[in-house]
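# Inside the fold
Spelled out from the first residue to the last, the chains are:
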Amino acid sequence: AELRSNPVQLKKLKNEIVLISISEFTRGTARSMRSALAASGAERSGVILDLRGNPGGLLVEATDVAGAFLNGGAVVEFYKPGTSPEIFNATGDGDSITPLVVLVDRGTASAAEIVAAALQDRNRAVIVGERTFGKAAVQDLTELSNGAEIELTIGYYLTPSGKRLEGQGLEPDILVSSNESKSVAETRALQVLKGLVASSGARG
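Before going further, it helps to examine helix α3 (residues 111-121). Counted residue by residue, α3 has eleven buried out of eleven residues, so it is predominantly covered. As for α3, its buried residues are in contact with β3 (46-50), α2 (59-67), β4 (74-79), β6 (100-104), β7 (126-129) and β9 (149-158). At the exit of α3 stands Asn123, carrying a positive phi of roughly 55 degrees.

Shown next as structure tokens:
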């Protein structure tokens, strides 16, 4: 039997703050997240995007999730030696105003790292947590004459500012160790978001 689960969970917190948790980027993830955001109401004061433990998934879904918080522009660049770089852009219809904090940890990998890195590079979000896993390359399997297979890296992803995540991971803006309970990082994210909301109000 086919089993389906929703990788997107939304919770309303105090002061019109919305917490969105995404466990993986499967088909339809971006649509589900956008629908959940729309249903939460237009009066939200801030958003916490929780990507802790997210191993990645479909790049097109990750690009659209990042695009939900960007007004167009680059999300990630795929570089393959010998070919022209392929740039994945946001659609240009995202919320680029509402204060945003992204939670990450050492289990945040691949497409999830790409989302967090794009939002950090574009000065769209504050990243809270610990250094991410560091998986941002594409491998290909080649079968040898003796039946063995060899896995070769054929390309890798670059953030909008040109940083490589492969083997390095993403450094958060505010470090919170995973040795602490999950609630510690969430509390820190709320504190940061409160400051961003206050700053946004002052500018307005």
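There's plenty left to go through after this.
We now examine the nonpolar core. For soluble globular proteins, nonpolar side chains are generally found buried alongside one another. In terms of nonpolar packing, the biggest core is built from 39 residues, with Leu49 and Val102 touching the most fellow members. Mapped by element, the contributors of at least two residues to this core are β2 (17-22), α1 (29-39), β3, α2, β4, β6 and α3. Of all the elements, α3 adds the most residues to this core, at eight residues. When near neighbours in sequence (up to four residues on either side) are disregarded, Val102 contacts Leu49, Leu51, Ala116, Leu119, Ala125, Val126, Ile127 and Val128. Judged by nonpolar contacts, the second largest core, of twelve residues, contains Leu19, Ile48, Val126 and Leu193.

Turning our attention to the packing of aromatic side chains. Enumeration according to the criterion identifies two aromatic pairs in this entry. Ring plane angle 45 degrees and centroid distance 5.2 Å describe the contact between Tyr79 and Tyr156, whose orientation is recorded as tilted. Of this pair, Tyr79 sits in strand β4 while Tyr156 sits in strand β9; the two residues are 77 residues apart in sequence, bridging distant segments of the chain. A relative accessible area of 17% means that Tyr156 is categorised as buried. One residue, Arg164, lies across the ring of Tyr156, its end atom 3.6 Å from the ring centre.

Reading the values: the criteria
- Residues numbered from 1 in each chain as written.
- Predicted model: local features only at pLDDT ≥ 70, side-chain atom pairs only at ≥ 80, totals over all residues.
- Heavy atoms only, no water.
- Buried < 20%, exposed > 50% of the residue type's maximum accessible area, 1.4 Å probe, protein only.
- Helix = DSSP H or I, 4+ residues; strand = E, 2+ residues; numbered from the N terminus.
- Contact = heavy atoms within 4.5 Å.
- Core = buried A, V, L, I, M, F, W, Y, C linked by side-chain atoms within 4.5 Å.
- Phe/Tyr/Trp six-rings, centres within 6.5 Å; stacked < 30°, edge-to-face > 60°.
- Lys NZ or Arg CZ within 6 Å of the ring centre and 35° of its normal.

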